[in-house]
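# Geometric and topological summary
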Amino acid sequence: MTSVYPNPARGRGFALPMVVLLSVFGTLMLGALMMRSGGQRLAAQRDVDAYQQHHIQRGLQEVISSWLKTVQRLNLSDTIEAGSEALTMELSSNREISVWVYPAQWRVLGTLDGLQGAELEDARLVRDMAIKIAPKSEPDKYLRSVGPYALSLQDTPLELIAAVVEGLADSQAASEVADMVERLRSTSEELTLADFTREIVSTSVEPATRGRVNRLFTDKPTLWEIRVEVRVPPQPGYEPVTWARFAGTTTVANSTRGRSNQEFTFSPLGDFLEWREVDLGDPTWFVVGPDD
């Protein structure tokens, strides 16, 4: 009788692939666990960053609102030179912030919610004219989404003044009004609505239309753009590093016009109608007015 003995080489040949497969499987499982753990850490870090960013922005808004309220008994346009650095502060986090204030009421209101009757009709006509003269690459150049209906007499560019007047009158009257505003700006320290109302009589704007044109403008703008830059301390021998930029729009409304004791009211949404973070590479950060 012939005896059959197991072949040790055959067992080793079967075990080796199993060891390799188990090693590969273990490596894949370990990699999957590490990727999952890394993804969870990244997600958690994103949540922490978003939380910190939110509270930093709210803190900035509160600081700026408090500062604005310290000048509430003064005319903001007389107190602050537009475009100049209005405020610099060092935060407890060892960061430094700079604040700039710019007139923002030189654009046409593009959002017509809340307007009715004749105001709505005029606003729609004026908005369409503002879009008409804007470059095709920048259809919203002369539009804003928040703020009062009227345009600032002092800050609105002449081409936009001509366009909105043309929407209510004709091109000849529009050209005359733009020339009139340019002349008044050059000869008076501050262009007032009384000056505008008096001088428009000398143009070809029809008497029935003058009231409509007058309603389009104000000499007491209340809408302001606030720009904030946050910087971290520099390394020795280097300039400070810009950490973040923000832009907001707020109203500082004169509620006692004509009195010597002026008071200002602020918008209810944290004192800001708009607030956004500006990408550090965004070229619009350097666009601050109608001439830019």
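Above: the structure in question.
Residues numbered from 1 in each chain as written. Predicted model: local features only at pLDDT ≥ 70, side-chain atom pairs only at ≥ 80, totals over all residues. Heavy atoms only, no water.

## Some words on the overall build of the protein
Which entries qualify depends on this criterion: Per the convention used, a helix needs a DSSP run of H or I reaching at least four residues, while a strand needs a run of E reaching at least two, with both numbered from the N terminus. Note on exposure labels: buried denotes an accessible area under 20% of the residue type's maximum, exposed denotes more than 50%, and partly exposed covers the range between, all computed with a 1.4 Å probe on protein chains only. In this analysis, two residues are considered to be in contact whenever any of their non-hydrogen atoms come within 4.5 Å of each other. Areas reported as accessible are Shrake-Rupley estimates using a 1.4 Å probe. Residue values count occlusion only from the protein chains shown.
Scanning the protein from N- to C-terminus turns up seven helices and ten strands. Considering the protein as a whole, with its 292 residues, one finds that 36% of them fall into the buried category. In the protein, the proportion of contacts linking residues at least 24 apart, taken out of those at least 6 apart, comes to 64%. Per element, the accessible surface of the protein, about 17,600 Å² overall, is 55% carbon and sulfur.

## Considerations on the layout of surface pockets
Heads up, the condition is: Here a cavity is any set of points on a 1 Å grid over the protein atoms alone where a 1.4 Å probe fits but cannot get out, and a pocket is any open set with protein on both sides within 12 Å along at least 5 of 7 lines; a residue lines the site when it has an atom within 4 Å of a point. Grid points are joined across faces, edges and corners, and a volume is the space filled by probe spheres set on the points. Charged residues are taken to be Asp, Glu, Lys and Arg, nonpolar residues to be Ala, Val, Leu, Ile, Met, Phe, Trp, Tyr, Cys and Pro, and polar residues to be all remaining types, Gly included.
When its volume is computed, the largest pocket comes out at roughly 690 Å³. Lining the largest pocket we find 27 residues, and of these Arg-107, Leu-143, Glu-225, Arg-227 and Arg-276 sit closest to its centre. Where the lining of the largest pocket is concerned, the elements lending two or more residues are β4 (143–144), β7 (223–232), β8 (241–254) and β10 (274–278). Grouping the constituent residues of the lining of the largest pocket by class yields eleven nonpolar, six polar and ten charged.

## Here we look at the pairing of strand β2 (residues 96–103)
Condition: Strands were regarded as paired on the criterion that DSSP finds at least two bridges between them.
Within β2, seven of the eight residues are buried, which leaves it mostly tucked inside the rest of the structure. In the sheet, strand β1 (residues 85–90) pairs with β2 via five bridges, with the strands oriented antiparallel. Bridge pairing in β2 places Thr-88 opposite Ser-98. Pairing of β2 with β7, which is carried by eight bridges, proceeds in the antiparallel orientation. The residue of β7 that forms the bridge with Trp-100 is Arg-227.

## Some points on the pattern of salt bridges
Filter applied, for reference: Here, a salt bridge means any Lys or Arg side-chain nitrogen found within 4 Å of an Asp or Glu carboxyl oxygen.
This model, assessed by the stated rule, comprises ten salt bridges. The closest approach of N and O atoms between Asp-128 and Arg-127, which form a salt bridge, is 3.7 Å. On the basis of relative accessible area, Asp-128 is assigned to the partly exposed category, the value being 40%. Arg-183 is paired through a salt bridge with Glu-199; the nearest N and O atoms lie 3.4 Å apart. Here Arg-183, found in helix α5 (residues 171–187), pairs with Glu-199, found in helix α6 (residues 193–199); they are 16 residues apart in sequence, far enough to count as distant. One continuous salt-bridge network, built from bridges that share partners, spans Glu-96, Glu-229, Arg-231 and Arg-245.

## Some points on empty space enclosed by the protein
For the coordinates displayed, the defined rule picks out one cavity of 30 Å³ or more. Looking at the largest cavity, its volume works out to about 50 Å³. Surrounding the largest cavity, Val-108, Leu-109, Ala-123, Val-126, Tyr-149, Leu-151 and Leu-216 form its lining. Listing elements by their share of the lining of the largest cavity, those giving two or more residues are β3 (108–109) and α3 (117–133). Of the residues assigned to the lining of the largest cavity, the class counts are seven nonpolar, no polar and no charged.

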